[in-house]
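# Residue-level structural notes
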Amino acid sequence: MPQLAGTEDFAAYLDQTVELDARLDGAAQVLRAIAAASIEMSELISLGRLYGQLGASRASTNTDGDVQKELDVLANDIFVSAFRQAPVAAIVSEELSEPLVLDPAGSLAVAMDPLDGSSNIDANVSIGTIFSILPVLANASSAEAHFLQPGRMQIGAGFVIYGPQTSLVFALGSNQTQIFTLDRRDGRFYQAVSAPIIARECAEYAINASNYRHWDAPVRAFIDDCVQGAEGPLKRNHNMRWTGSLVADAYRILLRGGIFLYPGDHRAGYQDGRLRLLYEANPVAFIVELAGGLATDCVRPILDIVPSGIHARVPLVFGSAATVELLTCYHGDPQFSADRAPLFGKRGLIRL
Ligand code: AFP
């Protein structure tokens, strides 16, 4: 059997991290529980239809109003069981309308999307589990109160991506983002990428372009400029990717840069976009910022936003810092055009 590729295994990384900062011990226990549950999830997902109609729709709907898939509900059950092994006081899940109280003496509150991208299950496209770890609030008036903290308060966050590799992408405390990949030969996660740094600029954007007619003018103007390529104000050709799976787009952007946009739009119910602040935008923003990128709601940093509710939606833009800042310029000045931007570099590259 060839030598295992990983240089450091997951347990050793967590032990070292907690040795350096004991306050992260609870969050490390949550991550161990997530890693164990994700192996079970990965095996189920890899069987696809052999396991049954994982992508089959149920009669029930989730908080998104989306019809729940068999695997959505199964994933929720698997991770709820896993969190009972860690000091978790309460859980918020996209699949549960209300917070679920686990151990009232627990020190942590965990928000999760147990299975993101479930519309891709039957398409054999990468899907994922997204999680956010918060400290509980002393004397909280309700289980919900723990979750109405800005994302800047997260102790840890990240996602598991079930794709060609099953990888755990996370950050703990102020430590840089890490990517650990499951080696099925021995059932352990090994460090695959340590502290990825998102390229400051990019020529690749991710957006569901079919919604063009619904976007606000600044988003249309930015995408128009990207589409104009080298002949346009950005003076460089761009590429587009849209996987329909947040974790897949986030993983790609972590490794090769880019900008992801799910803005609010004029469709009924989409004024704040589609993605959820607590268990989609905040976790992604946490690991993106610790990888040198930025995450906003087109204008404000995601991590500074105080949630209005546990299932609140938020417009989400994240990725290469200079490009995210450029998009903010389009929102700041209705007449903004990149080629007239005071910081516009000679070589057509943005100097922000
Ligand atoms: P599902 O979990 O319903 O498949 O939604 C996936 C998602 O929340 C996120 O992963 C994608 O980036 C986004 O929705 C795709 O949204 P559109 O289907 O509107 O493009």
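A brief report on the enclosed structure follows. (Residues numbered from 1 in each chain as written. Predicted model: local features only at pLDDT ≥ 70, side-chain atom pairs only at ≥ 80, totals over all residues. Heavy atoms only, no water.)

## Quick notes on the side chain of histidine 214
Mapping histidine 214 onto the fold places it in the loop between strand S11 (204-206) and helix H4 (217-228). Not counting the four nearest positions on each side in its chain, histidine 214 is found in contact with Asp265, His266 and Arg267. (Helix = DSSP H or I, 4+ residues; strand = E, 2+ residues; numbered from the N terminus. Contact = heavy atoms within 4.5 Å.)

## Overview of the packing of H4 against helix H7 (residues 321-332)
Packing of H4 against H7 leaves a shortest axis separation of 8 Å and a crossing angle of 130°. In this view, H4 runs oblique relative to H7, as classed from their interaxial angle. Viewed along their axes, H4 and H7 form a crossing whose handedness is right-handed. The residues of H7 that touch H4, namely those facing Pro218, Val219, Ala221, Phe222 and Asp225, are Thr323, Leu326, Leu327, Tyr330 and His331. Looking at the contact of H4 with H7 residue by residue, the class counts come to seven nonpolar, two polar and one charged. (Axes fitted to C-alpha atoms, helices over the stretch in contact; angles between N-to-C directions. Parallel < 35°, antiparallel > 145°, perpendicular 65-115°, else oblique. Left-handed = near helix turned anticlockwise from the far one by under 90°. Nonpolar A, V, L, I, M, F, W, Y, C, P; charged D, E, K, R; others polar.)

## Quick look at the environment of serine 194
With respect to the helices, strands and loops of the structure, serine 194 is situated in strand S10 (residues 188-194). Aside from chain neighbours lying at most four places away, what touches serine 194 is Thr177 and Gln178. Within the structure, the side chain of serine 194 is placed 3.2 Å from the side chain of glutamine 178, a separation counted as a polar contact. (Polar contact = N/O pair within 3.5 Å; in protein donor to acceptor, adjacent residues only side chain to side chain.)

## Some points on the environment of phenylalanine 260
Inspection of the secondary structure puts phenylalanine 260 in strand S13 (residues 259-262). Through-space distance from the C-alpha of phenylalanine 260 to that of isoleucine 207 is 6.2 Å; in sequence the pair is 53 residues apart. With residues up to four places along the chain from it excluded, the contact list for phenylalanine 260 reads Ala206, Trp242, Leu246, Asp249, Ile253, Leu275, Leu316, Val317 and Phe318.

## Some points on the site of the ligand
Taken together, 15 residues lie near the ligand, and Asp116, Ser119, Leu246, Tyr262 and Arg274 sit nearest. Between an oxygen atom of the ligand and a side-chain N or O atom of aspartate 116, the distance comes to 2.6 Å. In this structure, glycine 117 approaches the ligand through a main-chain N or O atom, which is 2.9 Å from an oxygen atom. Here the ligand loses 86% of its free accessible area of 480 Å² to cover by the protein chains. Of the residues assigned to the shell around the ligand, the class counts are five nonpolar, six polar and four charged. Counting residues domain by domain, the shell around the ligand receives three or more from each of domain 1 (10-194) and domain 2 (204-344). (Near = heavy atom within 4 Å. Areas by Shrake-Rupley, 256 points an atom, 1.4 Å probe, with all protein chains shown as cover. Domains from an automatic or database assignment.)

## Looking at the sheet that holds strand S9 (residues 178-183)
Here eight strands make up an open sheet; going across it, the order is S4-S3-S5-S6-S7-S8-S9-S10 and the pairing mixed. Only two strands of the sheet have a single neighbouring strand rather than two, namely strand S4 (100-101) and S10. Pairing of strand S7 (residues 156-162) with strand S8 (residues 166-172) involves seven bridges; the strand directions are antiparallel. Note that in S8 the partner of alanine 157 across the bridge is alanine 171. Packing against the sheet, helix H3 (residues 70-83) makes contact with strand S3 (88-93), S4, strand S5 (108-116), strand S6 (127-135) and S7, and its axis sits at approximately 155° to S5. Docked against the sheet, helix H6 (residues 277-289) engages S3, S5, S6, S7 and S8, running at close to 100° with respect to S7. (Pairing = 2+ DSSP bridges.)

## Structural notes on the nonpolar core
Ranked by internal contacts, the top residues of the largest apolar core, which has 45 residues, are Phe10, Val30, Met41, Phe83, Leu115, Leu168 and Phe170. By residue number, the principal contributor to this core is helix H2 (residues 25-47), which donates twelve residues. Those residues in contact with valine 30 that sit more than four places away from it in its chain are Phe83, Ala86, Val88, Leu108, Val110 and Ile133. In this structure, Phe260, Leu275, Val284 and Phe318 belong to the second largest nonpolar core, which totals 35 residues. (Core = buried A, V, L, I, M, F, W, Y, C linked by side-chain atoms within 4.5 Å. Buried < 20%, exposed > 50% of the residue type's maximum accessible area, 1.4 Å probe, protein only.)

## Overview of the pairing of S10
Remember that side chains alternate between the two faces of the sheet whenever the strand is regular. Pairing of S9 with S10, which is carried by six bridges, proceeds in the antiparallel orientation. Looking at the pairing, threonine 181 lines up with tyrosine 190 of S10. Counting the residues in the hairpin turn of S9 and S10 gives four residues, including glycine 187, whose phi is positive at 70°.

## Quick notes on unusual backbone geometry
Not every positive phi belongs to a glycine, and asparagine 124 is a case in point at roughly 60°. Here asparagine 124 lies in the loop between S5 and S6. Judged by its relative accessible area of 76%, asparagine 124 is exposed. With a phi angle near 55°, alanine 195 is a residue other than glycine that sits in the positive phi range.

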